[in-house]
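Residue strings, one per chain:
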Amino acid sequence: QSLRQALDINPKLIQVRQQLATISLQEGKFDEALTEAKTVQKDFPKQAVGYAMEGDIHAAQKQWPQAERAYREALKQQKSSLIAMRLHGTLSQEGKASEAHSFAASWLKENPKDAAFHLYLADLSLRHKDYKTAAQQYKAVIALQPKNAIALNNLAYVAGQLGDPDAVKYAEQALAVAPQSPAIQDTL
C-alpha cells in the first residue's frame, strides 16, 4: 500500500517499481511483476533496470528464452557484471553451454578487468569440480585484486585439489589478509 501511495505521488520512481515487482515475484504474481518491469521499460527505455527486472521474472519461472532476450536487451543498455552473470547463467540453464562459454570469453575480452565476472566463473567452475579452470579464474581475480581473501582462499583449496605445491602459500596469503576467518584457517 505504501509503495502504491508513493507511485501516486511520483509514478516514475524506479526503486518503488522494483520493490513492487520483487514483492509480486515473491508472492508468485508473475503478471503483476512483469507489468512493473514493462512500465519501467516504457518510462526509461534507455536504462537496463526494466529489462533486467523482466529477465529476473522470466528466470524465476524458468522461461529461459524470454529471460535471455531480456538480459541481452539490458546489456545493450548498460554493461554490467551482474547482468552478464545472469545472462551466462540463463544460457547455461537453457542448455546452451557452448554459447555460454562463447559469451563468457567475449565478455572477458571486452572487460578484462571485470574481477566480479572472473570470480563468478571461478566459483561456477569450483562447484562443477573443474579445478583447472577455477584456478585460472581465481588467479585472474588475484591479478586484479591481490588482497581478495575469498579468491586467495578458494585458490588455495583448488590448488590443493590439483596437487599444486603453492596451495599452502595461497592459504597463507589469504590468512594474512583475513586473519580471523575460520574458513581460511580451515583451508590452511
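Right above here is the structure, for reference.
Residues numbered from 1 in each chain as written. Predicted model: local features only at pLDDT ≥ 70, side-chain atom pairs only at ≥ 80, totals over all residues. Heavy atoms only, no water.

K.L.:
Would you take a moment to explain the packing of helix H2 (residues 14–26) against helix H3 (residues 30–43) for this structure?
P.N.:
Axes are the key here: two packed helices are described by the angle between their axes and the distance separating the axes. Relative orientation of the contacting elements H2 and H3 amounts to 160°, with a least axis distance of 7 Å. In terms of orientation, H2 and H3 fall into the roughly antiparallel class. In this structure, the crossing between H2 and H3 has a hand that is left-handed. Counted together, Ile-14, Arg-17, Leu-20, Ala-21, Ser-24 and Leu-25 of H2 and Phe-30, Glu-32, Ala-33, Glu-36, Thr-39 and Val-40 of H3 form the full contact between these two elements. Taken together, the residues of the contact of H2 with H3 sort by class into seven nonpolar, two polar and three charged. (Axes fitted to C-alpha atoms, helices over the stretch in contact; angles between N-to-C directions. Helix = DSSP H or I, 4+ residues; strand = E, 2+ residues; numbered from the N terminus. Parallel < 35°, antiparallel > 145°, perpendicular 65-115°, else oblique. Left-handed = near helix turned anticlockwise from the far one by under 90°. Contact = heavy atoms within 4.5 Å. Nonpolar A, V, L, I, M, F, W, Y, C, P; charged D, E, K, R; others polar.)

K.L.:
Looking at this model, I keep getting lost on the nonpolar core. Mind explaining?
P.N.:
In terms of nonpolar packing, the biggest core is built from 22 residues, with Ile-83, Phe-103, Trp-107 and Phe-117 touching the most fellow members. Mapped by element, the contributors of at least two residues to this core are helix H4 (49–60), helix H5 (64–77), helix H6 (81–93), helix H7 (97–110) and helix H8 (115–127). Not counting chain neighbours up to four residues away, the residues in contact with Trp-107 comprise Leu-75, Lys-79, Ser-80, Ser-81, Ala-84, Asp-114 and Phe-117. Counting 20 residues, the second largest nonpolar core, distinct from the first, contains Ala-149, Ala-151, Leu-152 and Ile-184. (Core = buried A, V, L, I, M, F, W, Y, C linked by side-chain atoms within 4.5 Å. Buried < 20%, exposed > 50% of the residue type's maximum accessible area, 1.4 Å probe, protein only.)

K.L.:
What should I look at first to understand H5 in this one?
P.N.:
Residues separated by three or four positions in an α-helix point in the same direction, a consequence of the helix having 3.6 residues per turn. Its 14 residues give H5 an end-to-end C-alpha distance of 20 Å, which sits within 8% of 20 Å, the value for a rise of 1.5 Å per residue. Inspection of H5 places Trp-64, Ala-67, Glu-68, Ala-70, Tyr-71, Ala-74 and Leu-75 among the buried residues, and these make up the whole buried set. Looking at the buried side of H5, the elements it contacts are H4, H6 and H7. (Expected span 1.5 Å × (residues − 1).)

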